[in-house]
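# Commentary on secondary and tertiary structure
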Amino acid sequence: MSELLLLACVLLSWIITCQSGPWRPCTDLLPLDLLSRVLPVSGMAQDGIRMVQSRGARGFQFSGSPQLFSFPASQLFINCIFFPAEFSIVVTLKIPQMAPEKSEYIFTLMEGDSDEPLLGLRLSQNKFHFLQKGHGSRKRITFKAVGLDDNRWHTVVLAVTGRYTILTVDCGTPLELELERPFPDNLDTTGSTFFIASRRRWNGLLSGLIRQLVLLPGSDATSQICPSSEPQLSALSVPQALLHLPIKPSSTDLPLHPYEAEVRVTAGVIPPCGHSEEGQLWFNPLKRGLFLCDGITWLNMLQVKEKLDYVEDHQDLFTNSETFDIEVFHITSVGLFMATANRDSNIGSGIYKWTDGRFERYQNISTYDAQAWQYFTVGKKKFLVVANCRGKGAGDQEQSVIYKWSSRKLKFIRYQTLNTHSARDWEAFNIQDETFLAVANHRQGERNHNIDSVIYKWNPVTQFFEVNQTIPTTGAYDWEFFTIGPYYFLAVANTFNGRSTVIDSTIYIWLGGMFQPYQFITTFGAIDWEMFQIENRVFLAVANSQMLTEEGTILYSINSTIYELSMKSQTFIKFQEIETNSALDWEYFTVGDDKFLVVANSYDGNSYSLNSVIYRWQGYEGFIPVHRLSTNGCRDWEYFNTTDGSYLIYSSARAALSKVLKLRTI
């Protein structure tokens with residue numbers, strides 16, 4: 001009788017099971033977004049959680065009570081009480097460098113009131129730990145040398161199947177560890193609770209950002225997210241709140257999640273702004289401004305506008321001899337430098353480095369009546385080219401020299417020699433990823449000023465500059481390269497044709513793989529062109545040095561002219577004339593929202609001790625004089641910035657003394 005009763009019970013159980021439908025797993029076999037389950041309800045803000053954007057991606061930072069960011073396991077395991085025997089966990093996080101003794105938790109599954117987790121992920125310095133309880137004991141599986149605490153985004157997949165635990169970081173090579181026993185298929189989750197970014201206690205709270213935390217029952221998620229174009233941000237299921245910026249329904253409502261961006265604080269050197277920095281904030285204490293990276297450039301969000309108050313003497317720089325040109329340049333990770341083009345061939349020219357707020361002598365280079373320096377780069381190579389006006393000996397061919405920066409010796413070494421003719425200037429520029437060098441050949445011999453200037457192009461195969469084009473010039477003194485939209489221009493300052501300084505200087509345009517004449521402008525002993533833009537207006541300023549007619553009349557106090565590009569005629573037309581005294585250089589610079597031009601006045605026919613003038617842009621009025629600076633045979637002006645502020649430096653063609661002036665602002 002008892003046997004019949006037992007058989008009836010078995011049959012009844014079978015009937016009930018068949019009628020209730022097929023077997024189902026404990027939870028859905030779809031990705032389960034653990035992170036979204038602890039986020040605030042739509043339309044509400046919550047203390048202790050912030051949305052932070054860093055390195056172009058957004059994540060959540062937890063700082064509140066761990067109890068706020070927990071949920072019962074029964075929300076996930078709806079069909080039974082057991083944790084899946086095979087599963088994978090996907091987490092995207094950004095963790096700052098951790099101290100050797102510190103541990104932080106990504107998540108834990110805590111059993112009732114117990115202080116030990118049933119399951120969890122923990123981080124320590126350069127290590128990743130998988131915690132589990134099974135077969136009556138607790139175990140820790142440790143992956144070493146994973147390098148997750150480097151303050152960068154990483155996506156990690158931990159897959160558990162049978163006796164194996166597999167870790168994949170950023171879609172890289174999987175790391176596999178074998179368990180002593182297979183992961184249990186009867187891990188009871190009754191009464192247990194998931195804690196995100198903690199183990200229920202404040203101690204061990206995750207200090208970094210979490211962007212994604214997903215449990216995928218039954219399979220390895222690696223094949224679903226890899227390969228990826230952005231393996232550090234591979235996504236399986238990212239909360240919607242992190243995909244777009246929070247929206248304020250009205251001016252009085254708070255956003256769904258408090259939002260902030262990573263902030264950098266630097267002075268002087270502008271940090272990079274690209275895709276990986278998109279959304280970052282940069283505070284510059286020097287400019288007293290807050291800037292936002294849009295993925296391309298730094299946008300001004302909030303800045304105290306500086307105003308130029310006055311100019312003060314900062315440093316007397318004694319040079320090898322009279323200085324015809326100054327080139328200020330910066331070498332990454334090395335510092336700020338200045339090269340002086342000095343007249344005396346016996347001593348050569350100097351290179352100076354900015355040290356403790358002053359230029360100090362750094363290197364000396366043999367030059368021969370040097371007229372100009374130009375610093376430029378080709379890929380990662382750094383070069384400095386000098387325009388030598390004379391040969392090494394009497395009657396020798398003049399040669400200009402390109403020097404290459406040696407990162408091992410930390411100085412410039414001779415790289416390439418080019419034949420030039422009384423060279424006055426070099427201009428380096430790039431067109432469609434190709435690098436060019438243009439030399440202004442002034443004259444051949446003592447009388448022939450009507451000669452060719454040369455444009456060289458870098459040959460990536462030979463790793464040298466080669467002749468690309470020759471252009472007829474007339475006593476050429478300066479080249480100025482500039483772009484307007486998709487067009488490339490090169491302007492030459494022609495000075496003297498052998499009889500007169502009243503001649504045409506030429507603007508060339510790049511067409512068909514070469515420069516062709518675009519516009520001719522009459523100039524008067526032109527020494528320098530300076531191109532600048534004010535909003536969408538394009539200007540060219542010429543420094544006229546003297547008016548020498550064919551009749552022999554010579555004037556030094558003449559007008560230099562600022563031209564503006566007319567969109568209607570598509571030519572440069574006269575905008576403003578400024579009286580100058582044998583002007584040799586223009587330098588454009590800005591302070592706050594104000595725009596300035598400073599001119600190098602060198603000689604008025606009687607004296608070299610003259611005032612050079614700073615002019616400020618006044619819109620409809622053009623440029624007006626605001627500061628007069630005492631100079632002696634002023635030849636060149638350069639503007640530069642350091643962490644200490646903004647400066648002007650001028651060189652003298654009459655004395656072995658250059659002066660550094662500091663711009664004081666309010």
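Residues numbered from 1 in each chain as written. Predicted model: local features only at pLDDT ≥ 70, side-chain atom pairs only at ≥ 80, totals over all residues. Heavy atoms only, no water.

## Focus on the confidence of the model for the protein chain
To be explicit about the condition: The predictor attaches a confidence to each residue, and that confidence, scored 0 to 100, is pLDDT. The criterion used for residue contact is that any of the two residues' heavy atoms lie within 4.5 Å.
Confidence along the protein chain averages 89 in pLDDT terms, with 90% of residues attaining 70 or more. Contacts from residues 4-23, a stretch scored under 50 in pLDDT, to residues over four places away or in other chains number zero contacts.

## Thoughts on the sheet that holds strand β33 (residues 476-484)
The condition is simple: Strand pairing follows a simple DSSP-based rule, namely that at least 2 bridges must link the two strands. The helix and strand labels rest on DSSP assignments: H or I over at least four residues marks a helix, E over at least two residues marks a strand, and numbering proceeds from the N terminus. Every angle, taken between N-to-C directions, lies between 0 and 180 degrees, and every axis is a line fitted to C-alpha atoms, over only the stretch in contact when it is a helix.
Ordered by their spatial adjacency, four strands build an open sheet running β33-β34-β35-β36, and the pairing between neighbours is antiparallel. At either end of the open sheet lies a strand with only one pairing partner, and these are β33 and β36 (514-524). The sheet shows a mean angle of 20° between the axes of neighbouring strands, direction not considered. As paired strands, strand β34 (residues 487-494) and strand β35 (residues 502-511) are joined by four bridges and run antiparallel to one another. Counterpart to F489 in the pairing with β35 is I509.

## What to know about the pairing of strand β44 (residues 594-601)
Where we set the bar: Three labels apply to residues, based on accessible area from a 1.4 Å probe with only protein chains included: buried if under 20% of the type maximum, exposed if over 50%, partly exposed otherwise in between.
Across the eight residues of β44, seven count as buried, placing the element largely inside the fold. Sheet topology note: the strand β43 (residues 583-591)/β44 ladder contains seven bridges and is antiparallel. Counted as the bridge partner of T590 is K595 from β44. The antiparallel pairing of β43 with β44 creates a hairpin that spans two residues between the two strands, and G592 there sits at a positive phi of about 65°. For β44 and strand β45 (residues 609-617), the ladder comprises three bridges, and the chain directions are antiparallel. In the sheet register, V598 faces β45, and the bridge partner there is I614.

## Quick word on the pattern of salt bridges
For clarity, the cut-off: The salt bridge criterion pairs a side-chain nitrogen of Lys or Arg with a carboxyl oxygen of Asp or Glu, the two atoms within 4 Å.
Here the structure, examined in full by the defined rule, presents 16 salt bridges. The partner of E550 in a salt bridge is R499, with the nearest N and O atoms 3.7 Å apart. Of this pair, E550 sits in the loop between β39 (547-548) and β40 (554-555) while R499 sits in the loop between β34 and β35, and the two are 51 residues apart along the sequence. With relative accessibility at 57%, the residue E550 sits in the exposed group. The class for R499 is exposed, based on a relative accessible area of 52%.

## Remarks on the sheet that holds strand β42 (residues 571-581)
Sheet architecture is open: four strands sit in the order β37-β38-β41-β42, paired in antiparallel fashion. The sheet is open, and its two borders are formed by β37 (526-534) and β42, each paired with just one other strand. Strand-to-strand twist across the sheet, computed as the mean angle between neighbouring axes with direction ignored, equals 20°. As defined by bridge partners, strand β41 (residues 557-566) adjoins β42 across ten bridges and the pair is classed as antiparallel. Residue E564 lies in a different strand from β42, and its bridge partner there is I573.

## Considering the side chain of H129
What counts, and what does not: The term polar contact refers here to a pair of N or O atoms within 3.5 Å; inside protein, the definition further demands a hydrogen-donor-capable atom paired with an acceptor-capable atom, and it admits residues adjacent in sequence only when both atoms are side-chain atoms.
Structurally, H129 can be placed in strand β8 (residues 127-134). Side chain to side chain, H129 and T142 meet in a polar contact 2.8 Å long. Residues within four places of H129 in sequence aside, it is in contact with G120, L121, R122, L123, S124, R140, I141 and T142.

## Observations concerning the packing of aromatic side chains
Threshold: Centres within 6.5 Å are what make two rings of Phe, Tyr or Trp a pair, Trp counting through its six-membered ring; a difference in plane orientation under 30 degrees is then read as stacked, over 60 as edge-to-face, and the rest as tilted. Think of it as a cone above the ring: NZ of Lys or CZ of Arg counts as a charge over the ring if it is within 6 Å of the ring centre and within 35 degrees of the ring normal.
Inspection of the entire model under this criterion finds 57 aromatic pairs. Ring plane angle 85° and centroid distance 5.0 Å describe the contact between F83 and F87, whose orientation is recorded as edge-to-face. By relative accessible area, F83 is classed as buried at 2%. Its relative accessible area of 1% is what places F87 among the buried residues. Three or more aromatic residues joined by ring pairs form one cluster here, namely F71, F77, F83, F87, F107, F130, F183 and F194. A cation over a ring is seen here: R37 above F71, with NZ or CZ 5.9 Å from the ring centre. The ring of Y608 has R654 lying over it, and the distance from NZ or CZ to the ring centre is 4.0 Å.

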